[in-house]
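Take a look at the letters that make up each chain.
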Amino acid sequence: MPITFYDTYSRQLEEFKPIEPPKVKLYTCGPTVYSFAHIGNFRAYVFEDLLQRHLEARGFEVERVMNLTDVDDKTIRGSREAGISLPEFTAKFKKAFFEDIETLRIKRANHFPAATEPENLAKMIEMIDQLMQEDIAYQAEDRSVYFRIMRYPDYGKLAHLDLAELRPSGRIRSDEYEKENIGDFALWKAWDEKDGLVGWNAPWGRGRPGWHIECSAMATRLLGPEIDIHCGGVDNIFPHHEAEIAQSECVNHKKFVRYWLHNAHLLVEGQKMSKSLGNFFTLRDLLDKGFTGRELRYALIGSNYRQPLNFTFDGLNAARHSLLRIDEWLRRLRDIAGNAEPDPGFAAAKSDSFFNALDEDLNISAALAEVFDQIRSTNRAIDSAELTASQAAALLDWWDRINQVLQLQEEAEPIPPNVTRLLQRRAAARADKNWSEGDSLRTQIEELGWLVKDTKDGQKLTKRSWQS
Ligand code: AMP
Ligand code: ZN
């Protein structure tokens, strides 16, 4: 069965055929490290993680780049306000970002290039230089360097805009009169005093790179001139990704990207969650409220990436509830499976429908429906004592394959020391045949949220489930 993705450029579902299978070159626009990323940003990164893990489950070898924007107006302003250097300021948020992606179980990219690293700056300067030589870029009166969009006739095709329509409007700032065309975008921003100590020397003067050239340079340097998939949120389509195409193709003379995948926004009361609207939550805000990374991951991953997703606490609680159902199901399966060998002929556990659903433009709703159908029917079979140990073991293997993609399994919780002490006392009481003491200790352990089972191998402890 082919894998299909909706490509923003062609506006249709396309069969996925990477340039050099099984390799897949994936470029994903990363965070600007001037504050903690908000959970809207994480919707983008979780979607990209699902994409990567599904491709890997299908046998592809993904090489992924995620850039870190560590110089721009916001980072410079932030460092000035904090009274520290730009690298010190951004280091704090880079570290926080890596902690957050780990909490959300997002697989680390192979490369996290930052804009201010010398090799990246050198590549940006080299590309801008080439554009200047070919007269595609020009230096304006303000000493900044701009890309002349008229020199790239396909400019606007990704966003389905007509070049002639790129006149001053709400979409494009119209306060930069030095530019030849209002749609021309900055490749290099000339230094001004607000930049303080931040700046690098280039053939056309001191300054810093524009945001768009960053991604073109890092993608070309690390993945080459042609990449398979480029992702980002829909807000990145214009002008950012449009500019990336123009820059990369004018320099490299190759089709820059085969498939453009864009996630819809995380909304709050119908509006995009964003820093500027002030309607945002960070992951840390949610952890402080007692939610876990796993719960937020579920809430973000659980609806199809091209559908806008409304953020609510009801939604997070529903995610928590769904996860508890999975946890409880796995506990039951483990109890039944014991040490049995998986039954290789058990059809339910051989089903590929979870992966087949994801093959269709990452249809996660359909994929999760397969999981919950399985949970429902297995629970019924368990209730009527019809599920055998080897069938349960086969289902656990099935889930393992799925969890490689979802990354939603509960982490085994360490047993707290007070529970361990009670368990030891209970073992001793039972060895003395003091059954009433044993029962009372069992109740105490239950009150601490754990269940004890007496098996032929001794006491077995599991976390209490939501049902019990
Ligand atoms: P930024 O730091 O604003 O460049 O955003 C980083 C990534 O998060 C980009 O891919 C954005 O498109 C994406 N993004 C920003 N806000 C949202 C949102 N509310 N919902 C989904 N994705 C978002
Ligand atoms: Zn980018």
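Scroll up a little and you will see the structure.
So, how was this worked out
Residues numbered from 1 in each chain as written. Chains lettered and ligands numbered in written order. Predicted model: local features only at pLDDT ≥ 70, side-chain atom pairs only at ≥ 80, totals over all residues. Heavy atoms only, no water. Helix = DSSP H or I, 4+ residues; strand = E, 2+ residues; numbered from the N terminus. Contact = heavy atoms within 4.5 Å. Areas by Shrake-Rupley, 256 points an atom, 1.4 Å probe, with all protein chains shown as cover. Lys, Arg positive; Asp, Glu negative; His and termini not counted. Charge placed at Lys NZ, Arg CZ, Asp CG, Glu CD. Near = heavy atom within 4 Å. Polar contact = N/O pair within 3.5 Å; in protein donor to acceptor, adjacent residues only side chain to side chain. Nonpolar A, V, L, I, M, F, W, Y, C, P; charged D, E, K, R; others polar. Pairing = 2+ DSSP bridges. Axes fitted to C-alpha atoms, helices over the stretch in contact; angles between N-to-C directions. Buried < 20%, exposed > 50% of the residue type's maximum accessible area, 1.4 Å probe, protein only. Donors = N, O, S within 2.8 Å, 3.2 Å for Na, K, Ca; no water. Tetrahedral: all angles 85-135°; square planar, octahedral: opposite > 155°, others 65-115°. Phe/Tyr/Trp six-rings, centres within 6.5 Å; stacked < 30°, edge-to-face > 60°. Lys NZ or Arg CZ within 6 Å of the ring centre and 35° of its normal.

It is worth spelling out the overall build of the protein at this point. A count of helical and extended segments in the protein gives 15 helices and 15 strands. For the protein, the spread of C-alpha atoms along the three principal axes comes to 90 × 55 × 40 Å. A fraction of 75% describes how many contacts in the protein between residues 6 or more apart in sequence connect residues 24 or more apart. As displayed, the protein has an accessible area near 21,700 Å², and 49% of this comes from carbon and sulfur atoms. In the protein, which carries 61 positive and 73 negative side-chain charges, the distance between the mean positions of the two groups comes to 4 Å.

This next bit is on the site of ligand 1. Taken together, 17 residues lie around ligand 1, and Gly40, Gly233, Asp235, Leu266 and Met273 are the ones closest in. In this structure, leucine 266 approaches ligand 1 through a main-chain N or O atom, which is 2.7 Å from a nitrogen atom. When isolated, ligand 1 has an accessible area of 490 Å², and the protein chains bury 90% of it. Sorting the residues of the shell around ligand 1 by element identifies α1 (39–57) and β9 (227–233) as the ones contributing at least two each. In terms of residue count, α1 provides more of the shell around ligand 1 than any other element does, 4 residues in total. The residue inventory of the shell around ligand 1, partitioned by class, reads 5 nonpolar, 10 polar and 2 charged.

If you trace the 4 strands from one edge of the open sheet to the other, you get β5-β6-β7-β8, paired in antiparallel fashion. Looking along the sheet, the strands with just one partner apiece sit at the ends: β5 (137–139) and β8 (207–209). Across this sheet, the average inter-strand angle for adjacent strands is 25°, counted without regard to direction. Judged from the 3 bridges that link them, strand β6 (residues 145–147) and strand β7 (residues 185–190) form a sheet pairing that is antiparallel. Residue pairing for β7: tyrosine 146 is matched across the bridge by alanine 186.

What follows covers the side chain of asparagine 263. Mapping asparagine 263 onto the fold places it in strand β10 (residues 257–263). Judged by its relative accessible area of 2%, asparagine 263 falls in the buried class.

Here the focus is the coordination of the zinc ion (ligand 2). Only Cys29 (SG), Cys215 (SG), His240 (NE2) and Glu244 (OE) from the protein reach the zinc ion (ligand 2) as donors, at distances of 2.0 to 2.8 Å. Taken together, the 4 donor atoms coordinating the zinc ion (ligand 2) span angles of 74 to 135° at the metal, a pattern that classifies the geometry as irregular. The sequence pattern formed by the donor residues of the zinc ion (ligand 2) is C-x185-C-x24-H-x3-E. In this pair, cysteine 29 is assigned in the loop between β3 (23–28) and α1 and cysteine 215 in helix α5 (residues 211–223), connecting sequence segments 186 residues apart. Both residues of the pair, cysteine 29 and cysteine 215, count as buried.

Let us now look at the packing of aromatic side chains. Using the criterion set out here, one finds 24 aromatic pairs in the structure. Ring geometry for phenylalanine 16 versus phenylalanine 60: centroids 5.5 Å apart, planes at 70°, classification edge-to-face. Highlighted residues: phenylalanine 16 in the loop between β2 (12–15) and β3 and phenylalanine 60 in the loop between α1 and β4 (61–66), separated in sequence by 44 residues. In terms of burial, phenylalanine 16 and phenylalanine 60 fall into one category: buried. Between tryptophan 329 and tryptophan 398, the aromatic rings sit 6.5 Å apart at their centres with planes inclined by 85°, giving edge-to-face as the arrangement. Here tryptophan 329, found in helix α9 (residues 313–337), pairs with tryptophan 398, found in helix α13 (residues 389–406); they are 69 residues apart in sequence, far enough to count as distant. Every member of this aromatic cluster is reached through a ring pair, and the members are Phe42, Tyr45, Phe97, Phe98 and Phe112. Its guanidinium or amino end placed over the ring of phenylalanine 98, arginine 108 lies 4.6 Å from that ring's centre, counting from NZ or CZ. Geometry around tyrosine 9 places lysine 255 over its ring, the cationic atom sitting 5.2 Å from the centre.

For the bond running from proline 21 to proline 22, omega is 5°, close enough to zero to count as cis. For the peptide bond that leads from phenylalanine 238 to proline 239, omega is 0°, which places it in the cis range. Here proline 239 lies in helix α6 (residues 237–252). The backbone of arginine 11 shows a phi angle near 60°, a positive value even though the residue is not glycine. Take arginine 11: it is sitting in the loop between β1 (4–7) and β2. With relative accessibility at 48%, the residue arginine 11 sits in the partly exposed group. Its identity as a non-glycine residue notwithstanding, arginine 105 has a phi of 60°, on the positive side. Within the secondary structure, arginine 105 sits in the loop between α3 (86–103) and α4 (118–133). The buried category is assigned to arginine 105, whose relative accessible area is 17%.

With that settled, the discussion passes to the environment of leucine 441. By the secondary structure assignment, leucine 441 is in helix α15 (residues 435–447). Taking the C-alpha atoms as reference points, leucine 441 and aspartate 195, separated by 246 residues in sequence, lie 66 Å from one another. Other than its neighbours up to four places away in sequence, leucine 441 contacts Leu422, Arg425, Arg426 and Ala429.

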